[in-house]
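Take a look at the letters that make up each chain.
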Amino acid sequence: MKCPFCGRDNTRVIDSRPADENNSIRRRRVCDECGKRFTTYEKIETIPLIVIKKDNNRETYDRSKIEAGVLRACHKRPVSANQITRLVDEVETDVFNMEEKEIPSQVIGELVMDRLKSLDAVAYVRFASVYREFKDINTFMDELKKVMSTKN
C-alpha cells in the first residue's frame, strides 16, 4: 500500500478491526519511510452494479457520485462528515441489498432524499431541487410545503 503522504510503498498494518457493521475491515497503517499514519478500508469485491440513468444510458455504480451530491446539498449546513458518511453507507447498503445487477438512478436518488429529509430539511430541499429538476417556483414551493407539513 502506497503512503498517501510520501508515495513510498513501504507501509505496514499496525491495527485492524471490523468496520461498517462487519462489512469491511478498518486498518491503521504506518509508513516506514516518513512515519505518518493513515487509515484504509478493505471491502469484499462485488460484481459491478450498473446504474440506469434518466436518459437510459448505463454506467458503473460510483459511490463518489452519491457522496458529491450529498456534500453539495449539505454545504454550509450543520451536518458532520460522519453523518454524511453514515448516510452514504446506508444508501449503499440498501442498494446492494436489493441484489440487482442494474438499478435505476431514480431509486438511488429517492433513497438519498429519504435519508436527507430526516437529517436536514434544507439539504433535502437542495438535493430535491436538483434531482427532481424543478422547472419553476411553483414546483419548488409545492415541495417546500410538503416538507413543512411533515415537520409539524
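- Going by an unreviewed UniProt entry, the chain carries the name Transcriptional repressor NrdR and comes from Eisenbergiella tayi.
- Recorded under Function (unreviewed entry), the UniProt text for the chain is reproduced unchanged: "Negatively regulates transcription of bacterial ribonucleotide reductase nrd genes and operons by binding to NrdR-boxes."
- In its Sequence similarities (unreviewed entry) section, the UniProt record describing the chain reads: "Belongs to the NrdR family."

**Some words on the overall build of the chain**
Alright, step 1. Looking only at helices and strands, the chain features five helices and six strands.
Alright, step 2. Tracing the chain from N to C terminus, the helices and strands come up as β-β-β-β-β-α-α-β-α-α-α.
Alright, step 3. Its C-alpha radius of gyration of 19 Å places the chain more than 25% over the 15 Å reference for a compact globule of 152 residues.
Alright, step 4. With the C-alpha coordinates aligned to their principal axes, the bounding extent of the chain is approximately 60 × 35 × 25 Å.
Alright, step 5. Expressed as a percentage of the 152 residues in the chain, the buried residues total 30%.
Alright, step 6. For the chain, contacts bridging at least 24 residues in sequence account for 40% of all contacts bridging at least 6.
Alright, step 7. Summing over all exposed atoms, the chain offers an accessible surface of approximately 10300 Å²; the carbon and sulfur share of this is 49%.
Alright, step 8. Positive and negative side-chain charges of the chain, numbering 29 and 26 respectively, have mean locations separated by a distance of 6 Å.

**Re the side chain of threonine 40**
Alright, step 1. Here threonine 40 shows up in strand S3 (residues 37-43).
Alright, step 2. Polar side-chain contacts of threonine 40 include one of 3.2 Å to the side chain of arginine 29.
Alright, step 3. The residues contacting threonine 40, other than those within four sequence positions of it, are Met1, Ile25, Arg26, Arg27 and Arg29.

Here is what the cut-offs are and how they apply
Residues numbered from 1 in each chain as written. Predicted model: local features only at pLDDT ≥ 70, side-chain atom pairs only at ≥ 80, totals over all residues. Heavy atoms only, no water. UniProt positions renumbered as here; feature names shortened; annotations may be inferred. Helix = DSSP H or I, 4+ residues; strand = E, 2+ residues; numbered from the N terminus. Rg over C-alpha atoms; globule rule 2.2 N^0.38 Å. Buried < 20%, exposed > 50% of the residue type's maximum accessible area, 1.4 Å probe, protein only. Contact = heavy atoms within 4.5 Å. Areas by Shrake-Rupley, 256 points an atom, 1.4 Å probe, with all protein chains shown as cover. Lys, Arg positive; Asp, Glu negative; His and termini not counted. Charge placed at Lys NZ, Arg CZ, Asp CG, Glu CD. Polar contact = N/O pair within 3.5 Å; in protein donor to acceptor, adjacent residues only side chain to side chain.

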